[in-house]
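# Working through the structure, step by step
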Amino acid sequence: MAKVLAFALTGSGPLPQSTYELLGGARAVADAAGGQVHLAVLGAGVAGKIGDLAAHGADRILVVDSEHLAVYHPDAYLAAARAAAEASGADVLLLPGDTRGRDLAPRLGYHLRAGIVTDCVALEASPDGLRFVKPVYGGKAMARITVRTDRKVAVMRQRSLDPRAPDPSRRAEVLNVEAAIDPSTFRTQVVDHISEETTGIRLEDAPVVVSGGRGLGGPEPFKQLEELARLLGGAVGASRAAVDAGWVPPSCQVGQTGKVIGPDLYLAIGISGASQHLAGITGAKTIVAINKDEQAPIFGVAHIGVVADYREVLPHLLEEVRAARA
Amino acid sequence: MHIVVCIKQILDPEIPPARFQVDPSARQAVRGSAGLVISPFDENALELGLQLKEKHPGTRLTAVTMGDEEAVEALRKALALGADQVVLAADPAFNGLDSYGTARVLARCIEKLGGADLVLFGRQAGDWDHGLVGSLAAEELAIPCVTLVREIQMDGDGVRLVREGEGGVDVIAGRLPLAATVTNADSNQIRFPKVRDMMLARGKPITRWSAQDLGLDPADLEPTARAAEIDELFVPDRTSSCQFIDGEDGAEKARKLVQKLRELKLL
C-alpha cells in the first residue's frame, strides 16, 4: 500500500507553510490507495513545531532533530532525509519547492535510486498509479509524467496543493529518528547568511500579489503598489523589466528567472506579459491586468482586464480598497 | 585550472504562448519558425565561467553539450565568446534520456576530458525546467555541488560561492573540485559575441563523442536513466475569455473592478 512521506525542512525556523500543502496532497494520494501519510520534520529544536500536524493529515511523524540541521546544509539534510526515508519505508516522497527542497531532491533521489520530478503542480492518483503534472516550456505546456522506479521523489511547487481542513480528532504516532550527521565530513561550509527578505509576507506565500512593470515608468508608483498590497494582505512583485531598470530589488521579480508564484489574486499593473513573466504566474488563480494597450499579451491570460492608463485607475482603486477596508 | 560549462540548446523560450504548439504524439514542442538558443541559465553559467577564466590566467574553459547536430550552433557561440574547446555528445542512444541519463553522459564527457576543477551548469533548462542534471552529474563525479549560485570567487583551490537561500543569500566555502548550478544575477548576464569571433569560431574544431567513445553501453543508461516518462504533453486551455471592465473614466473602472472582485470574494 502506498506510503507517502512529506518533508518539512525547517532549519531553526518555524514550520514552512508548504508543510500543510504537502500534507494535503499526500493525504489525497494515500487515501486513493488506502495508504498512509508520513511526515518527516527535519531541523533543530523541532519538538515544539509538530503540534497540529496530525490534525492536518499526518499518520506518523518522523522527527530528525539535530543542532547540525539549524541551517540548511545539503550534506546534513541528505543524511537526515535518508534516515527518515529509511525509517518510513515510503514509496512516494514529497519535497517543498523552496530553495531547500529543490537543492535536496536530486541528491536524495540519486541515493535512493528514485526517479525524480520537480516543479509539480498536481498529483493524479488512479488505479493505474500516480501521475505527476508539471508546467513545462515556461508554463506554455503541461506534462503528465509517470515515474517507473519503485520509489519516487517529487518537488511540489509552492501553493499548488491545498491543505486539508484540520481535524483535531486525528492522532499521529511520533517517532524520533537518529541520523548520522558528521560535520567533519561536510564538503562545503555555510559561512554566512545575508537576509534579503523584505518586511511583511513572503512573495511565494502571499495570497495576493500586486505587480508592476515597465508601464509604471519609474520607481515612484511602486509606493502605491505597496500600499495596495498591504491593504489586501499581499506582497509586491515586479516584471523583469522593472527589476532590470533598478526600480525594485531582484527579490521582487516574478517570472521564469525570478519567483514562480500561485496567489489567489494577481494584479498585473503596467505589465505587458512577456513569456518569461507569464511563466511565473501560471499558478495564479485569478489574474487582473491593468494596461493601456489592449493588445498586450497579458490580456491573453488575464481573467479580468482593465484597458486604461494605470495613472487614471490606480488612485481610485486605492481609494475604493481603503474605503472597503476601513 | 580547468572549467567545464555544460550547456543545453533549447527552443527559444521567448516565443509567445499564442504561437506555441506541441506535437502530442511525439510529446515534444513544435519548432515552427522559432529559433534555437542556449538555455538562459546556461548562458549565465557560461558568462560566470568566462569571467573566472579572465580573472585567473592559465585557466582553460571547455563547453560541453549533449544534443544532435544542430547543437553545434550553441557550441560555436561558446567558442566565439571565449571557450577554448567544445564537446558535442551525440548518439541516437541519447534520445529521450531523462535527467539521470543526461547527467551520466555529461559526467563521462568530463571524465574523458581528464576531469575538471570547476563544473558549471545552469540551474535548470528553460524547456523542461527540471533542475536536476547539475546535481546528478556532480553525484556521478563524486564532487560537491552548490546550487542556485550567483557569484563565485576563487582563491587557490578555495572557493567562495554566493547562492540563493531561503529569504536571502547563503555564502558557501568549498574546495576544488566542485560543481555549481548557476542562477541569473546582474553580474552574469551573457556578453555579446563579436562578429569577427563568430567568423573565427566557424573554423574551430568540434569534438564529437558517441556513447561508445564515452564507454557507455545502453545498459548504463538504464534503468533509472528512463525513470521519468512523459505520458502526455499538452497546451492547457487558456482561451480564458478575459472579461473587460468598461467605464467612462478611471474612477468608474476602479469602482467596477472592486465590485467584481467582491463578487468573486477576492476582496
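Preceding block: the structure.
First, a word on scope: everything that follows refers to the structure included in this document. Starting afresh in each chain, residues are numbered from 1 along the sequence in its written order. A letter from A marks each chain and a number from 1 marks each ligand, given out in the order of writing. Predicted model: local features are reported for residues with pLDDT of at least 70 only, side-chain atom pairs are reported and counted for 80 or more only, and whole-chain, interface and lining totals are derived from all residues. Based on all heavy atoms of the structure, the side-chain values leave hydrogens and waters out of the count.

### Regarding the sheet that holds strand β8 (residues 141-147) of chain A
In spatial order, the strands read β6(A)-β7(A)-β8(A)-β14(B); together these four strands make up an open sheet with antiparallel pairing. Every interior strand has two partners, whereas the edge strands, β6 (122-126) of chain A together with β14 (228-234) of chain B, have only one. Mean inter-strand twist for the sheet, computed between neighbouring axes without regard to direction, equals 30 degrees. Bridge analysis of β8(A) against β14(B) gives six bridges, and the strand direction is antiparallel. Within β14(B), the position partnered with Ala143(A) by the bridge is Leu233(B). DSSP-based pairing: two strands are paired if at least 2 bridges between them are found. By definition, any uninterrupted DSSP run of H or I lasting at least four residues is a helix, any uninterrupted run of E lasting at least two residues is a strand, and each is numbered from the N terminus. Lines are fitted to the C-alpha atoms to define the axes, a helix being fitted only along its stretch in contact, and any angle between axes, read from their N-to-C directions, falls within 0 to 180 degrees.

### Regarding the nonpolar core
Take the buried Ala, Val, Leu, Ile, Met, Phe, Trp, Tyr and Cys residues and link them wherever side-chain atoms come within 4.5 Å; each set so joined is a nonpolar core. Buried means the residue's accessible area, taken with a 1.4 Å probe over protein chains only, is under 20% of the maximum for its type, while exposed means over 50%, and partly exposed covers the values in between. One finds Phe7(A), Leu42(A), Leu95(A), Phe94(B), Val105(B) and Val119(B) to be the most contacted residues of the largest nonpolar core, which totals 63 residues. If one sorts the elements of this core by residue count, helix α2 (residues 74-88) of chain A sits on top with eight residues. Note on contacts: a residue pair is in contact if any heavy atoms of the two residues lie within 4.5 Å. If sequence neighbours within four positions are ignored, Phe7(A) has contacts with Leu22(A), Leu39(A), Ala40(A), Leu42(A), Ala81(A), Ala84(A), Leu93(A), Leu94(A), Leu95(A), Pro96(A) and Leu108(A). Tyr20(A), Leu22(A), Ile50(A) and Ala141(A) belong to the second largest nonpolar core, which has 43 residues in total.

### Regarding the sheet that holds strand β11 (residues 168-175) of chain B
Ordered in space as β11(A)-β11(B)-β10(B)-β9(B)-β12(B)-β8(B)-β1(B)-β6(B)-β7(B)-β13(B), the 10 strands form an open sheet in which the pairing is mixed. Both outer strands of the open sheet, β11 (188-195) of chain A together with β13 (207-209) of chain B, are each paired with one neighbouring strand and no more. Direction aside, neighbouring strands of the sheet carry axes that sit 30 degrees apart on average. Its contacts with the sheet put helix α2 (residues 72-81) of chain B on β6 (60-66), β7 (85-89) and β13 of chain B, and the angle it makes with β7(B) is roughly 165 degrees.

### As for the interface of chain B and chain A
The interface is formed by 77 residues belonging to chain B together with 77 residues belonging to chain A. Both sides together, the interface formed by chain B and chain A hides about 6800 Å², and carbon and sulfur atoms give 57% of it. The term salt bridge refers to a pairing of a side-chain nitrogen on Lys or Arg with a carboxyl oxygen on Asp or Glu at a separation within 4 Å. Summed over the shared surface of chain B and chain A, the result is seven salt bridges. The partner of Arg240(A) in a salt bridge is Glu14(B), and the shortest N-O contact between them spans 3.6 Å. Two N or O atoms form a polar contact when they lie within 3.5 Å of each other; inside protein one atom must be a possible hydrogen donor and the other a possible acceptor, and for residues adjacent in sequence the pair counts only when both atoms belong to side chains. At the junction of chain B with chain A, the criterion picks out 35 residue pairs in polar contact (both at pLDDT 80 or more). Accessible area that two parts lose when put together, evaluated with a 1.4 Å probe and summed over both, is termed the buried area.

### Here's the deal with helix α4 (residues 222-231) of chain A
Residues and elements named next belong to chain A. Residues Phe222, Leu225, Leu228 and Ala229 constitute the buried set of α4. The buried residues of α4 all sit within an arc of 115 degrees when viewed along its axis, so they share a single face. In α4, those exposed residues whose orientation departs by more than 90 degrees from the buried face are Lys223 and Arg230. Along its buried surface, α4 packs onto β12 (208-212), β13 (235-238), α5 (240-244), β14 (265-269) and α8 (310-325). This arc is taken over the directions from the axis of the helix to the C-beta atoms.

### Structural notes on the pairing of strand β16 (residues 304-307) of chain A
Each regular strand carries side chains that alternate between the two faces of the sheet. Note that strand β15 (residues 286-291) of chain A and β16(A) share four bridges and pair parallel. In the strand pairing of β16(A), Ile290(A) is matched with Val306(A). As defined by bridge partners, β16(A) adjoins strand β15 (residues 243-244) of chain B across two bridges and the pair is classed as parallel. Opposite Ile304(A), over in β15(B), you have Gln243(B) as the bridge partner.

### What to know about the packing of helix α3 (residues 99-112) of chain A against helix α4 (residues 133-141) of chain B
Taken N-terminus to C-terminus, the directions of α3(A) and α4(B) make an angle of 45 degrees; their axes are 8 Å apart at the nearest point. Taken together, the axes of α3(A) and α4(B) are oblique relative to one another. For the element pair α3(A) and α4(B), the recorded crossing hand is right-handed. Contacts between α3(A) and α4(B) involve Pro106(A), Arg107(A), Tyr110(A) and His111(A) on the former and, on the latter, Ser135(B), Leu136(B), Glu139(B) and Glu140(B). Charged means Asp, Glu, Lys or Arg here, nonpolar means Ala, Val, Leu, Ile, Met, Phe, Trp, Tyr, Cys or Pro, and polar covers whatever is left, Gly included. The residue inventory of the contact of α3(A) with α4(B), partitioned by class, reads three nonpolar, two polar and three charged. Working definition: roughly parallel below 35 degrees, roughly antiparallel above 145 degrees, roughly perpendicular at 65 to 115 degrees, and oblique for all remaining angles. What makes a crossing left-handed is the near helix being turned counterclockwise from the far one by less than a right angle; a clockwise turn instead makes it right-handed.

### Details of empty space enclosed by the protein
Definitions used throughout: a 1 Å grid over protein atoms alone; a cavity as a set of points that fits a 1.4 Å probe which cannot get out; a pocket as an open set with protein on both sides within 12 Å along at least five of seven lines; a lining residue as one with an atom within 4 Å of a point. Grid points are joined across faces, edges and corners, and a volume is the space filled by probe spheres set on the points. The full count for this structure, using the stated rule, is two cavities of 30 Å³ or more. If you add up the space inside the largest cavity, you get close to 70 Å³. The wall of the largest cavity is formed by Tyr72(A), His73(A), Pro74(A), Asp103(A), Arg107(A), Thr188(A), Val190(A), Cys145(B), Val146(B), Thr147(B), Arg163(B) and Ile172(B). Looking at the lining of the largest cavity, the elements with two or more residues in it are α3 and β11 of chain A together with β9 (145-155) of chain B. The element contributing the most residues to the lining of the largest cavity is β9(B), with three residues. Residues belonging to the lining of the largest cavity are distributed by class as follows: six nonpolar, three polar and three charged. Roughly 40 Å³ of internal volume is contained in the second largest cavity.

In short, shape yes, function no, at least from these values alone.
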